[in-house]
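# Structural features, examined
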Amino acid sequence: MAVSSESHAHEAGEPKRRAGAIAGPVLSLINELSKLPTIGPKTAARLVFYLLNRPRNEAQALADAIVAVKDRVQICSRCFSITEEDPCPFCTDPRRDSAVICVVAEAKDIFALERTSAYSGRYHVLGGLISPMDGIGPAQLHVKELVERIGSEQPREIILATNPNAEGEATAIYLARLLAPLGVSVTRLAYGLPIGGDLDYADEVTLAKALEGRRAL
Ligand code: ZN
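In this text the structure is predicted, and so the values were computed from the model without any measurement.

The rules behind each value
- Residues numbered from 1 in each chain as written.
- Predicted model: local features only at pLDDT ≥ 70, side-chain atom pairs only at ≥ 80, totals over all residues.
- Buried ≥ 20, exposed ≤ 12 C-beta atoms within 10 Å, placed from the backbone.
- Helix = DSSP H or I, 4+ residues; strand = E, 2+ residues; numbered from the N terminus.
- Pairing = 2+ DSSP bridges.
- Right-handed = clockwise from strand over helix to strand, strands pointing away.
- Domains from an automatic or database assignment.

With that settled, consider the pairing of strand β4 (residues 121-125). Summarising burial for β4: four of the five residues are buried, a large majority. Examined bridge by bridge, strand β3 (residues 97-104) and β4 share five bridges and lie parallel to one another. Bridge pairing in β4 places Cys102 opposite Tyr123. Tracing the backbone out of β3, into helix α7 (residues 107-116) and back to the parallel element β4 gives a crossover that is right-handed.

Look at any regular strand and the pattern is simple: side chains alternate between the two faces of the sheet. For β3 and strand β5 (residues 157-160), the ladder comprises four bridges, and the chain directions are parallel. Its bridge partner lying in β5, Val103 is registered against Leu160. Each parallel crossover has a hand, and the one from β5 via helix α9 (residues 166-179) to strand β6 (residues 185-188) is right-handed.

What follows deals with the environment of Asn31. Checked against the element boundaries, Asn31 lands in helix α3 (residues 24-34). Classification of Asn31 by C-beta neighbours within 10 Å gives partly exposed; the count is 13. On a C-alpha basis, the gap between Asn31 and Ala45 in space is 8.9 Å, while along the polypeptide they are 14 residues apart.

Attention now goes to the domain arrangement of the chain. Taken domain by domain, the chain holds domain 1 (5-71) and domain 2 (78-216). For domain 1 versus domain 2, the separation of C-alpha centres amounts to 36 Å.

Okay, here's the thing in structure tokens:
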């Protein structure tokens, strides 16, 4: 079925008043897509009308890919990145430098750093940042496991690549103090990243420069 997006554009903008006239599956998909971050009802409607104009196999491929990330992706027991195999390729690839561990808040930050092609060491995902107001302290993060890895893997350097915002800074300062007695060099990403921003949204050049300019804490 082909539906012109132009003819429905005004309806999509007024979902409440015209809801009764719009097909149930269309409303249902708009509702599901609207739950995603950065997707409002208007964008959701645009996506649904786009999909209506695409072949069925494309919609099936999208649906399959969404289900596959839930069925086939797990957490690496060593670095807490997301992976199909445990331990993950970041932990097992012999071409990666095992003497450097880059500490990030979330697995999505790894993908931002990998896009720079400026880093080829290991990773460690904290699973969040220290945020007393949200009740998140070191015990809620993979801090203990990081200390254990430093003991067993004996890295030369730990790069603290937490976001350059209040929680990211507090977490980096906490970790720098905690790790200081362990005899490992602790560095922090240099500024050049937008303050209050998100690693995930930084462009490759800014992030690569920040990696190059990392400094001892
Ligand atoms: Zn791993």
